[in-house]
Amino acid sequence: MLWTANQFIRKFSTTAIYYQNKLRLALIGQSLFGQEVYNNLRKEGHKIVGVFTVPDKDGKADPLAVAAEKDGTPVFKFPRWRVKGKSIPEVVEAYKSVGADLNVLPYCTQFIPMDVIDSPKNGSIIYHPSILPRHRGASAINWTLINGDKKAGFSVFWADDGLDTGPILLQRACDVEPNDTVDTLYNRFLFPEGIKAMLEAVQLIADGKAPRIGQPEDGATYEGIQKKENAKICWDNSAQAIHNWIRGHDKVPGAWTLINEQMVTLYGSSLLDGPVPTGQPVSVEGASKPGLVTKNGLVLFGNDGKMLTIRNLQFEDGKMIPASKYFSKDDSATLELTEQEKAVESEIRNIWKGILSNVSVIENTTDFFKSGAASMDVVRLVEELKQKCEGLELQNEDVYMATTFEEFIQMVVRKLRGEDKEELVIDYASLNVNNMTVKMPYQCFINGQFADADNGKTYDTINPTDGSVICKVAYCSVADVDKAVAAAKDAFENGEWGKKKK
């Protein structure tokens, strides 16, 4: 009997330890990031007493609202908290009714009044995608790239009545890689490590160990880039600066220029070393020299003569194409689908329907983005399709290039059939040996293709059995080596293997 009582006390004590130093939290914000912070805080034993998010858009609830409603957590969807700078009394009253110890703002696009920020006994903490005070504001991570910073990261800070000026609670940093974009930084570091940091920050507050490190009053930048007209490229800059400008605006709002007098937005920038590649020239307004449409993309030049490559182009009508196909005409015939492919089409239609819940019927002309899809929906579409179609090599960019359902189905079917892969052209030297015909390539193999040496030189390959010349083999030059190294570097940093390592 005594043993049983001791076991009961031990279990009770363990439970008490688990639940001590836990807080009643109000989550204010939205997005998939907010949803993950919400889920993990609940797993850690904190009590979420209310979620305050944005109204449904096109009949779709925000991911944070979806998770909270599923759990039975009180959810409030306020279109605004203030009118003409003053708090809306009924909104503030609804907020205070939940009795939070701390406000957690993982990602919030609304202006929250100070009587809400200061209401809980522990105040409010906010996640910010910048190492404060280097850059402030909603576009801070963009300016990290635009300014060529070597370090990126995020801060969790205490909210005050300034603009991201409150004391710092904690910060995390990572290196900025040469071809990083907002998306790669977000996926590699800001999203996964940001969730962990928000949990750590809340627990530090619960344990009474959270620091308050004041920010300097000067030295911070604050600039917005939300307007498209502000994203025009200035070509009177180095290739590095132009590359930073383009990747800092990728995907929103998109850096643009005039190509052949047409407004074109550029995506997927990477620096290019080595000799100037061969390509078809194209006029770029304001650039020091014409661009070159090559098999690897659009090559552009800074005022220092150095190069960068653009992977994708988007035109004013929203259509996106691989930059390498700028001069190509889309003359591909519409594919007739097999019965098996029609079954795949039906599955994909259901996936689109699940994502575009506000669209009653998914027709061939239904446009994914014009129907309300956002970047997080692109990720969901790609991941769900990969699960359904084994072996399908689909990237986020593919969705942007085939925005209507009919275009998308045709693209997926071509990929499943392998029709999107370029045929490898090989010239062989033939030799009859032991009643067999042996075929041997004699050109350089660089960047996935066989080609003659850059200088056209060759040398004889000798048959050791009789001293005869088998064939003339391409004699690689320094320029060929440079091309091979540049191609290998690009494949490592931007190819499929490079994406897996990240």
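Our structure's up above, just so we're on the same page.
Residues numbered from 1 in each chain as written. Predicted model: local features only at pLDDT ≥ 70, side-chain atom pairs only at ≥ 80, totals over all residues. Heavy atoms only, no water.

> Can you explain the sheet that holds strand S9 (residues 151–158)? Please cite residues and give values.
Strands sit in the order S3-S2-S1-S6-S7-S9-S10 across an open sheet of 7 strands; the sheet is mixed. The open sheet has two edge strands, strand S3 (75–77) and strand S10 (168–175), and neither has a second partner. Adjacent strand axes in the sheet meet at a mean angle of 15°, parallel and antiparallel pairs treated alike. In the sheet, strand S1 (residues 24–28) pairs with strand S6 (residues 102–105) via 3 bridges, with the strands oriented parallel. Residue pairing in the sheet places Ala-26 in a bridge with Asn-103 of S6. Strand contacts of helix H7 (residues 182–206): S1, S6, strand S7 (124–128), S9 and S10, with the helix running at about 155° to S10, the strand carrying the most contacts. (Pairing = 2+ DSSP bridges. Helix = DSSP H or I, 4+ residues; strand = E, 2+ residues; numbered from the N terminus. Axes fitted to C-alpha atoms, helices over the stretch in contact; angles between N-to-C directions. Contact = heavy atoms within 4.5 Å.)

> Lay out unusual backbone geometry in plain terms, naming residues and giving numbers.
A cis geometry characterises the amide bond from Leu-132 onward to Pro-133, with omega recorded as 5°. Here Pro-133 shows up in the loop between S7 and strand S8 (135–136). Unlike most non-glycine residues, Lys-84 shows phi in positive territory, near 55°. Note that Lys-84 resides in the loop between strand S4 (82–83) and strand S5 (86–87). In the Ramachandran plot, Glu-261 falls in the positive-phi region, its phi being about 65° despite a non-glycine side chain. Its place among the elements puts Glu-261 in the loop between strand S12 (255–259) and strand S13 (262–272).

> Any details on helix H10 (residues 375–388)? Residues and values, ideally.
In this model H10 runs 20 Å from its N-terminal to its C-terminal C-alpha over 14 residues, within 8% of the 20 Å that 1.5 Å per residue would give. In this fold, the buried residues of H10 make contact with helix H9 (339–355), helix H11 (396–401) and helix H12 (405–417). (Expected span 1.5 Å × (residues − 1).)

> Summarise the layout of surface pockets; cite the residues concerned and give the values.
Considering only enclosed or pocket space, the second largest pocket measures out at about 160 Å³ in volume. Lining the second largest pocket, in full, are Ala-239, Gln-240, Leu-271, Leu-272, Asp-273, Gly-274, Asp-304, Lys-306 and Met-307. Sorting the residues of the lining of the second largest pocket by element identifies helix H8 (239–248) and S13 as the ones contributing at least two each. (1 Å grid on protein atoms, 1.4 Å probe; cavity = no way out; pocket = protein on both sides within 12 Å on 5 of 7 lines; lining within 4 Å. Points joined across faces, edges and corners; volume = space filled by probe spheres on them.)

> Lay out the nonpolar core with the relevant residues and their values.
Counting residues in hydrophobic clusters, the biggest one holds 39 residues, and the most contacted among them are Leu-25, Leu-27, Leu-41, Val-104 and Ile-125. Excluding residues within four positions of it along the chain, Leu-27 makes contact with Gly-34, Tyr-38, Leu-41, Ile-48, Gly-50, Val-51, Phe-52, Leu-64 and Val-104. Judged by nonpolar contacts, the second largest core, of 30 residues, contains Leu-337, Ile-351, Leu-381 and Cys-389. (Core = buried A, V, L, I, M, F, W, Y, C linked by side-chain atoms within 4.5 Å. Buried < 20%, exposed > 50% of the residue type's maximum accessible area, 1.4 Å probe, protein only.)

> Can you tell me about the pairing of strand S2 (residues 47–53), naming the residues and giving the values?
Summarising burial for S2: 6 of the 7 residues are buried, a large majority. When S1 meets S2, the two strands line up parallel, connected through 5 bridges. From the neighbouring strand, Ile-28 faces S2, where its bridge partner is Phe-52. Of the crossover connections in this fold, the one passing from S1 over helix H2 (residues 31–43) to the parallel S2 is right-handed. In this sheet, S3 lies alongside S2 in parallel orientation, the contact comprising 3 bridges. Note on S3: the bridge partner recorded for Thr-53 is Lys-77. Between the parallel pair S2 and S3, the chain is carried across by helix H3 (residues 63–71), and the sense of this crossover is right-handed. (Right-handed = clockwise from strand over helix to strand, strands pointing away.)

> Please set out H3 residue by residue, giving values where relevant.
Of all the residues in H3, the buried ones are Pro-63, Leu-64, Ala-65, Ala-67 and Ala-68. Among the structural elements, S1, H2, S2, S3 and H10 are those in contact with the buried residues of H3. One side-chain oxygen of the residue at the start of H3 lies 3.0 Å from the amide nitrogen of Leu-64, identifying that residue as Asp-62. (Polar contact = N/O pair within 3.5 Å; in protein donor to acceptor, adjacent residues only side chain to side chain.)

> Which residues make up the environment of Ile-259, and what are the values?
Note that Ile-259 resides in strand S12. Put simply, Ile-259 and Val-284 are 25 residues apart on the chain and 4.7 Å apart in space, counted from C-alpha to C-alpha. Filtering out sequence-adjacent residues up to four positions away, Ile-259 remains in contact with Val-264, Leu-266, Val-282, Ser-283, Val-284, Leu-298 and Tyr-326.

> Please provide a residue-by-residue account of the packing of aromatic side chains, values included.
Centre-to-centre distance and the angle between the planes together describe a pair of aromatic rings. Evaluated as defined, the whole model comprises 21 aromatic pairs. Consider the rings of Trp-352 and Phe-405, whose centres lie 5.2 Å apart with planes at 80°: the pair is edge-to-face. On the criterion of sequence distance, the pair formed by Trp-352 in helix H9 and Phe-405 in helix H12 is long-range, its members being 53 residues apart. The exposure class assigned to Phe-405 is buried, which follows from its relative accessible area of 0%. Taking the ring centre of Trp-158 as reference, the NZ or CZ of Arg-212 above it sits at 3.7 Å. Directly above the ring of Phe-301 sits Lys-289, whose terminal nitrogen or CZ lies 4.7 Å from the centroid. (Phe/Tyr/Trp six-rings, centres within 6.5 Å; stacked < 30°, edge-to-face > 60°. Lys NZ or Arg CZ within 6 Å of the ring centre and 35° of its normal.)

> Let's hear about the pattern of salt bridges: which residues, and what values?
What the rule picks out here adds up to 17 salt bridges. For Glu-69, the salt bridge goes to Lys-77, with nearest N and O atoms at 3.1 Å. Since its relative accessible area comes to 42%, Glu-69 is described here as partly exposed. Asp-398 is the partner of Lys-415 in a salt bridge, and the nearest nitrogen-oxygen pair spans 3.6 Å. Placement of Lys-415 in helix H12 and of Asp-398 in helix H11 is noted, with a sequence separation of 17 residues between them. (Salt bridge = Lys/Arg side-chain N within 4 Å of Asp/Glu carboxyl O.)

> Explain the packing of H2 against H7 to me, and be specific about the residues and the numbers.
Two elements in contact, H2 and H7, have axes separated by 10 Å at closest approach and are oriented at 40°. Taken together, the axes of H2 and H7 lie oblique to each other. Seen along the crossing, H2 lies across H7 with a hand that is right-handed. In this structure, H2 uses Leu-32, Phe-33, Glu-36, Val-37, Asn-40 and Leu-41 to contact H7, whose residues at the interface are Tyr-186, Leu-190, Phe-191, Gly-194, Ile-195, Met-198, Leu-199 and Val-202. In terms of residue class, the contact of H2 with H7 is built from 11 nonpolar, 2 polar and 1 charged. (Parallel < 35°, antiparallel > 145°, perpendicular 65-115°, else oblique. Left-handed = near helix turned anticlockwise from the far one by under 90°. Nonpolar A, V, L, I, M, F, W, Y, C, P; charged D, E, K, R; others polar.)

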